[in-house]
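One-letter residues, chain by chain:
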Amino acid sequence: MQGKVVIAGAGPGAADLITLRAVAVLKSADLVIYAGSLVNPDLLNYAPQDAIKLNSAAMSLDAVIAAMKQAVAGGKNVVRLHTGDPAMYGAISEQMNELDELGIDYEVIPGVSSVFAAAAALKAELTMPGITQTAILTRRAGRTPVPEQEEIVKLANNNASVALFLSIADMPGLVNDFMQAGRAADTPVAVVYRASWPNQQIVRGTLANISVKVQASGIKRQAMIIVGAALARGGEKSLLYAHDFAHGYRSDDGSKTFAGKVAIYAITEQGSRKAGEVAAGLAETEIFIPERFADNLTQATTFAPKQLMALVRRNWRQFDAHLFIMAAGIVVRKIAGLLESKLTDPAVVVCDELGNNSISLLSGHIGGANRLATVIAGITGGRAIITTATDINNLTAFDELAAIKHWQITNPQNIKIVNSMLLEGKNIDILMPETLFKQYYQSVRGLRWVESVDDITGHGAVVLDRDCSKVAVPVLKLKSMRYAVGIGCRKATECAEIEIAFNDALQQAGIEQTQVVCLASSDIKSAEPGLLKFAEKQQLELKFYDKASLNAITTPNPTPRAIKEFGVASVSEAAAILAANNGKLVIEKQKYAKVTIAVAKF
Ligand code: SAH
């Protein structure tokens, strides 16, 4: 009688994490072929002593199949033991194909995958209610390529927990992918080496610092990486939303991240190395180092001796932030002549060349230097030095809140007045969504949430998006961002279809409908019934642009089909940019069945 092949999961390592069913087949096995170093040799003791045991690490596929074929023909039972669960990266399909061809019968027994052993070691729930209901099991490309549609940048544009097999070799690359996907720098990451084995090791961190920590741990293989807000559980829970604007990244309240382009300057060899390390943890950077260290850091731009000051002057307005890895005194001298106002100056952070201290030097709130210093300290494992009074008293200054929320301050001359009131515990009435008030100011002395401007009775007030010309006390007036939405649609598209696409695009970007002030499209669509009806329903102005105006705008995603049909390269993106007064595209074209949507910021 012909024997049988059983492909069985061995579990993650610990000998008691194999299933009873797999143990039963091992007990009657004549030949066990096990997969290398990740299958616990103790498991082989379940098989009879005289059973043959082969390590497949040294065998080709042909050799494995030949061994199975021979055994089965002789009426023997074969167990093929794969680590974890055979369905994940077990390469079992190629074996099953061969067995099918040979007409050999086989069965598959599941196992505890390393992803679940790792989650157990971390005591994590990968599908934590309120954060995510999805876990993605994947890997980054190594010798085996990963289909382009499954790159992390595309998969991880959400809050899902992502478990990565076979991906520990390039942590900086992995971090970069997640940042590009829109995950915030403070997103928790855990690396579990040899989960469930006696030498199991856990490294926890965030996207900002995990590369450095893993490098320090010496872990180079046999590790599961899990990324996602769900790992934080109760303690440091940060409810993240992933989608961000044209560049950068942020958490839902943006309070621990810095979205923007950072110029990093170093003047010593050690500093140049530190610049590379910090850049790996930030989303968008350019590094500037002296010519003579060019070989140490090939991705850096170099400058000639004595040219630092000229370089900083040239870069000053081109970057959202400047990080100087050098002594604070040098920096103060270099930037002194460039300072204008705390509303417009870029953030300046100084870091010593060992990364011990990251000092927020300039534009701590509106410019975001406090947040950037905190992020950098996270990367280098050092401390952030913050000196703004509100922050050290654990208060969120009103201009800081405006920066986090991307609000505009229409009367900045009042920033100081209301921030002082905040520090002194004076009565300030706050008119903004109640949830925000609760998040930032609920238990702060002197602050009170009000529902309308008529309720303002304090010494001062902070008011979002309301007319407060009649308020007698000092008010800080805030305005939330305004957006224009560009819409392209096929002929005869229904209003409802446009509405679904519109709502989805806004929701993905975390933009409130009330922040949208106009819609825009091509004049070819000026009599499109569904579109007109949608604009009327939303009570929004609908602006139309002709071909020449639309084509004058450079857009990231021109559509060949649109060029062919209407002679216009991009309707939704160009129209959004035009309608927002040549604003900045914050959501590139989103494609729905019959509709395209793009959003620009005024
Ligand atoms: N079928 C296996 C995966 C095989 S691919 C499973 O379900 O677990 C091999 C990869 O799995 C390793 O590179 C590592 O990323 C992961 N892995 C396997 N065993 C592991 C363990 N005990 N701890 C952490 N990661 C493990």
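Residues numbered from 1 in each chain as written. Predicted model: local features only at pLDDT ≥ 70, side-chain atom pairs only at ≥ 80, totals over all residues. Heavy atoms only, no water.

An account of the packing of aromatic side chains is requested, with residue identities and associated values reported.
For the coordinates displayed, the defined rule picks out seven aromatic pairs. Taken together, a centroid distance of 4.7 Å and an interplanar angle of 15° make the contact between Tyr265 and Phe324 stacked. On the criterion of sequence distance, the pair formed by Tyr265 in strand 11 (residues 261-266) and Phe324 in strand 14 (residues 321-325) is long-range, its members being 59 residues apart. Residue class for Tyr265 comes out buried when judged on its relative accessible area of 0%. Centre to centre, the rings of Tyr440 and Tyr441 are 6.2 Å apart; their planes meet at 45°, and the pair counts as tilted. The same class applies to Tyr440 and to Tyr441, which are both buried. (Phe/Tyr/Trp six-rings, centres within 6.5 Å; stacked < 30°, edge-to-face > 60°. Helix = DSSP H or I, 4+ residues; strand = E, 2+ residues; numbered from the N terminus. Buried < 20%, exposed > 50% of the residue type's maximum accessible area, 1.4 Å probe, protein only.)

Tell me about the layout of surface pockets, residues and numbers included.
Any empty space left between the atoms is revealed when a probe the size of a water molecule rolls over them. Roughly 1400 Å³ of volume is contained in the largest pocket. Contributing to the lining of the largest pocket are 46 residues, with Leu38, Thr83, Met88, Tyr89 and Leu166 lying nearest its centre. Counting residues per element, the ones that place at least two in the lining of the largest pocket are helix 2 (61-73), strand 4 (78-82), helix 3 (92-102) and strand 10 (223-227). The residue makeup of the lining of the largest pocket, split by class, is 21 nonpolar, 15 polar and ten charged. Two domains share the lining of the largest pocket, each providing at least three of its residues, namely domain 1 (4-112) and domain 2 (116-232). (1 Å grid on protein atoms, 1.4 Å probe; cavity = no way out; pocket = protein on both sides within 12 Å on 5 of 7 lines; lining within 4 Å. Points joined across faces, edges and corners; volume = space filled by probe spheres on them. Nonpolar A, V, L, I, M, F, W, Y, C, P; charged D, E, K, R; others polar. Domains from an automatic or database assignment.)

Report on the domain arrangement of the protein, specifying residues and quantitative values.
The figure often quoted for interface size is the accessible area lost as the parts come together. If you check the domain split of the protein, you get domain 1 (4-112), domain 2 (116-232), domain 3 (261-387), domain 4 (398-480) and domain 5 (483-601). On a C-alpha basis, the centres of domain 2 and domain 5 stand 36 Å from each other.

If you had to explain the pattern of salt bridges to someone new, which residues and values would you point to?
Under the counting rule described, the total for this entry stands at 14 salt bridges. Overlapping salt bridges, with partners in common, bring together Arg140, Asp170 and Asp177 in one network. (Salt bridge = Lys/Arg side-chain N within 4 Å of Asp/Glu carboxyl O.)

Explain helix 16 (residues 495-509) to me, using residue names and the numbers behind them.
The terminal C-alpha atoms of helix 16, which comprises 15 residues, lie 21 Å apart, in line with the 21 Å expected from a rise of 1.5 Å per residue. Within the sequence span of helix 16, burial applies to Cys495, Ile498, Glu499, Ala501, Phe502, Ala505, Leu506 and Ala509. Across the axial projection of helix 16, the buried residues extend over an arc of 170°, all falling on one side. Set apart from the buried face of helix 16 by more than 90 degrees, the exposed residues are Ile500 and Gln507. At the exit of helix 16 stands Gly510, carrying a positive phi of roughly 70°. (Expected span 1.5 Å × (residues − 1). Arc of directions from axis to C-beta.)

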